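Fold and geometry: a report
Residues per chain are reported as follows:
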Amino acid sequence: MYRWGYSKGAYIRWNFAKYDDKRTYIRVANSYLGCAGASENYIQFKFTDGTFLKYDDIAEIDCGVYSLSSFLINEDDFKNKTVDMIRLKKSERKVDFANKKSKYTVHQMIKAVQ
(Lines give C-alpha, C1' and ligand atoms only; values in the text may rest on other atoms or scores of the structure.)
Protein backbone atom coordinates (compact mmCIF):
# COMPACT_ATOMS: atom_id res chain seq x y z
CA MET A 1 0.00 0.00 0.00
CA TYR A 2 1.18 3.47 -0.86
CA ARG A 3 0.85 6.38 1.60
CA TRP A 4 -0.50 9.72 0.43
CA GLY A 5 -1.38 12.98 2.15
CA TYR A 6 -1.50 13.88 5.79
CA SER A 7 -4.14 14.67 8.41
CA LYS A 8 -3.44 14.84 12.15
CA GLY A 9 -0.89 12.02 12.14
CA ALA A 10 -2.75 9.83 9.65
CA TYR A 11 -2.17 9.08 5.98
CA ILE A 12 -4.33 7.59 3.28
CA ARG A 13 -3.03 4.12 2.56
CA TRP A 14 -4.16 2.83 -0.79
CA ASN A 15 -3.41 0.58 -3.69
CA PHE A 16 -4.49 0.58 -7.31
CA ALA A 17 -5.67 -2.27 -9.56
CA LYS A 18 -6.58 -2.08 -13.24
CA TYR A 19 -10.26 -2.79 -14.04
CA ASP A 20 -10.44 -2.15 -17.80
CA ASP A 21 -8.94 0.21 -20.42
CA LYS A 22 -10.09 3.40 -18.73
CA ARG A 23 -11.06 2.48 -15.17
CA THR A 24 -9.02 1.60 -12.14
CA TYR A 25 -9.92 0.40 -8.66
CA ILE A 26 -8.57 2.33 -5.72
CA ARG A 27 -8.69 0.39 -2.45
CA VAL A 28 -8.30 2.58 0.63
CA ALA A 29 -7.49 1.40 4.15
CA ASN A 30 -8.70 3.68 6.96
CA SER A 31 -10.78 1.57 9.30
CA TYR A 32 -10.71 4.15 12.11
CA LEU A 33 -13.19 6.16 10.02
CA GLY A 34 -15.75 3.37 10.19
CA CYS A 35 -17.02 0.54 8.02
CA ALA A 36 -16.15 0.07 4.36
CA GLY A 37 -19.00 -0.17 1.87
CA ALA A 38 -21.56 1.86 3.84
CA SER A 39 -24.11 3.62 1.63
CA GLU A 40 -22.89 7.17 2.36
CA ASN A 41 -19.15 6.48 1.98
CA TYR A 42 -17.19 8.40 -0.63
CA ILE A 43 -13.82 9.73 -1.67
CA GLN A 44 -13.64 13.28 -3.01
CA PHE A 45 -10.64 14.77 -4.77
CA LYS A 46 -9.95 18.50 -4.76
CA PHE A 47 -7.59 19.57 -7.52
CA THR A 48 -5.21 22.53 -7.51
CA ASP A 49 -7.37 24.19 -10.22
CA GLY A 50 -10.28 24.35 -7.70
CA THR A 51 -12.39 21.57 -9.23
CA PHE A 52 -13.73 18.55 -7.34
CA LEU A 53 -14.43 14.93 -8.21
CA LYS A 54 -16.36 12.47 -6.04
CA TYR A 55 -16.68 8.65 -6.16
CA ASP A 56 -18.92 6.42 -4.04
CA ASP A 57 -17.60 3.40 -2.12
CA ILE A 58 -18.52 0.18 -3.95
CA ALA A 59 -17.04 -2.30 -1.45
CA GLU A 60 -19.06 -4.93 0.35
CA ILE A 61 -19.90 -3.81 3.89
CA ASP A 62 -16.98 -4.65 6.16
CA CYS A 63 -16.47 -3.30 9.67
CA GLY A 64 -13.31 -5.27 10.40
CA VAL A 65 -9.97 -3.86 11.47
CA TYR A 66 -8.57 -4.07 7.94
CA SER A 67 -11.69 -3.04 6.02
CA LEU A 68 -10.94 -1.59 2.57
CA SER A 69 -13.18 0.88 0.80
CA SER A 70 -13.18 0.49 -2.99
CA PHE A 71 -13.70 3.13 -5.64
CA LEU A 72 -13.89 2.60 -9.39
CA ILE A 73 -12.35 5.69 -10.97
CA ASN A 74 -11.88 6.91 -14.52
CA GLU A 75 -8.22 7.59 -15.20
CA ASP A 76 -9.01 10.37 -17.72
CA ASP A 77 -10.43 12.43 -14.84
CA PHE A 78 -6.88 12.75 -13.47
CA LYS A 79 -4.97 13.63 -16.64
CA ASN A 80 -3.11 16.93 -16.32
CA LYS A 81 -4.53 17.42 -12.81
CA THR A 82 -2.80 17.68 -9.47
CA VAL A 83 -4.67 16.55 -6.37
CA ASP A 84 -4.50 19.16 -3.60
CA MET A 85 -6.64 17.40 -1.01
CA ILE A 86 -8.64 14.21 -0.56
CA ARG A 87 -11.73 13.86 1.63
CA LEU A 88 -12.46 10.32 2.73
CA LYS A 89 -15.88 9.77 4.29
CA LYS A 90 -16.77 6.44 5.86
CA SER A 91 -19.59 5.36 8.19
CA GLU A 92 -18.28 7.05 11.36
CA ARG A 93 -16.56 10.23 10.21
CA LYS A 94 -14.81 12.05 7.39
CA VAL A 95 -11.27 13.37 7.21
CA ASP A 96 -9.49 15.71 4.81
CA PHE A 97 -5.98 14.67 3.78
CA ALA A 98 -3.73 17.40 2.39
CA ASN A 99 -1.13 16.63 -0.25
CA LYS A 100 2.12 16.29 1.63
CA LYS A 101 4.41 16.65 -1.37
CA SER A 102 3.59 13.18 -2.60
CA LYS A 103 6.34 11.64 -4.71
CA TYR A 104 3.80 10.62 -7.39
CA THR A 105 0.63 12.18 -8.76
CA VAL A 106 -2.59 10.15 -8.62
CA HIS A 107 -2.48 9.87 -12.42
CA GLN A 108 1.07 8.44 -12.26
CA MET A 109 -0.07 5.84 -9.71
CA ILE A 110 -3.00 4.87 -11.94
CA LYS A 111 -0.73 4.54 -14.99
CA ALA A 112 1.73 2.39 -13.03
CA VAL A 113 -0.78 -0.49 -12.80
CA GLN A 114 -1.26 -0.81 -16.56
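Refer to the structure printed above.
Take the overall build of the protein chain next. When its secondary structure is counted, the protein chain shows 1 helix and 8 strands. Within the span of the protein chain, comprising 114 residues, buried residues form 40% of the whole. For the protein chain, long-range pairs separated by at least 24 residues make up 62% of all intrachain contacts whose partners lie at least 6 apart in sequence. Accessible surface, the protein chain: about 6,500 Å² in total, of which carbon and sulfur atoms supply 48%.

Below, the discussion takes up the side chain of Glu75. Structurally, Glu75 is set in the loop between β6 (68-74) and β7 (83-89). Side-chain polar atoms of Glu75 contact the side chain of Lys18, separated by 2.8 Å.

To continue, consider the environment of Arg27. Topologically, Arg27 is positioned in strand β3 (residues 23-29). Of the residues examined, Arg27 reaches a relative accessible area of 33% and is grouped as partly exposed. Separated by 12 residues in sequence, Arg27 and Asn15 place their C-alpha atoms 5.4 Å apart. A polar contact of 3.0 Å, which involves the side chain of Arg27, links it to the side chain of Ser70.

Trp14, Val28, Ile43, Phe45, Tyr55, Phe78 and Val106 are the most contacted members of the largest nonpolar core, which has 22 residues in total. At the level of elements, β2 (10-18), β3, β4 (42-47), β5 (52-56), β6, β7, β8 (94-98) and α1 (106-112) are the ones that each hand at least two residues to this core. Excluding residues within four positions of it along the chain, Phe45 makes contact with Trp14, Ile26, Thr51, Phe52, Leu53, Tyr55, Phe78, Val83, Met85 and Ile86.

Here we come to the state of the cysteines. Across all of its chains, the model carries 1 disulfide by this definition. Shown here is the disulfide that connects Cys35 with Cys63, its sulfur atoms set 1.9 Å apart. On the S-S bond that ties Cys35 to Cys63, the torsion sits near 105°, and the link is right-handed. Pair noted here: Cys35 is in the loop between β3 and β4 and Cys63 is in the loop between β5 and β6, with a separation of 28 residues, a long-range link.

This brings us to the pairing of β7. With 6 bridges connecting them, β4 and β7 associate as antiparallel partners. Across the sheet, the residue bridging to Phe47 is Val83, located in β7. Here 5 bridges tie β7 to β8, and the two strands are oriented antiparallel to one another. Of the residues in β8, the one forming a bridge with Leu88 is Val95. Between β7 and β8, which pair antiparallel one after the other, the connecting turn spans 4 residues.

Scanning the entire structure with this criterion turns up 5 salt bridges. With a closest N to O distance of 3.9 Å, Asp84 and Lys46 form a salt bridge. Taken as a pair, Asp84 in strand β7 and Lys46 in strand β4 lie far apart in primary sequence, 38 residues in all. Of the charged contacts in the structure, one is a salt bridge between Arg87 and Asp96, with a shortest N-O distance of 2.6 Å.

Quick notes on the rules
- Residue indices begin from 1 for each chain and proceed along its sequence in written order.
- It should be noted that, the model being predicted, local features are given only for residues of pLDDT at least 70 and side-chain atom pairs only at 80 or more, the latter also being counted only at that level, while totals for whole chains, interfaces and linings use all residues.
- Only heavy atoms go into the side-chain values, all of them from the structure, while hydrogens and water stay out.
- Secondary structure is summarised from DSSP: a helix means a run of H or I of at least four residues, a strand means a run of E of at least two, and numbering begins at the N terminus for each.
- Throughout, exposure labels follow a simple rule: accessible area from a 1.4 Å probe, protein chains only, divided by the maximum for the residue type, with under 20% read as buried, over 50% as exposed, and the rest as partly exposed.
- Every residue pair with non-hydrogen atoms within 4.5 Å of one another is taken to be in contact.
- Accessible surface is estimated by sampling points in the Shrake-Rupley manner with a 1.4 Å probe; for residues, cover comes only from the protein chains shown.
- A 3.5 Å cut-off defines polar contacts: any pair of N or O atoms within that distance qualifies, except that in protein one atom must be a possible hydrogen donor and the other a possible acceptor, and neighbouring residues in sequence count only when both atoms are side-chain atoms.
- Nonpolar cores are built from buried Ala, Val, Leu, Ile, Met, Phe, Trp, Tyr and Cys residues. Side-chain atoms within 4.5 Å join them into one set.
- Cysteine sulfur atoms that pair up within 2.5 Å are treated as a disulfide.
- Any two strands are treated as partners once DSSP identifies two or more bridges connecting them.
- We define a salt bridge as a side-chain nitrogen of Lys or Arg found within 4 Å of a carboxyl oxygen belonging to Asp or Glu.

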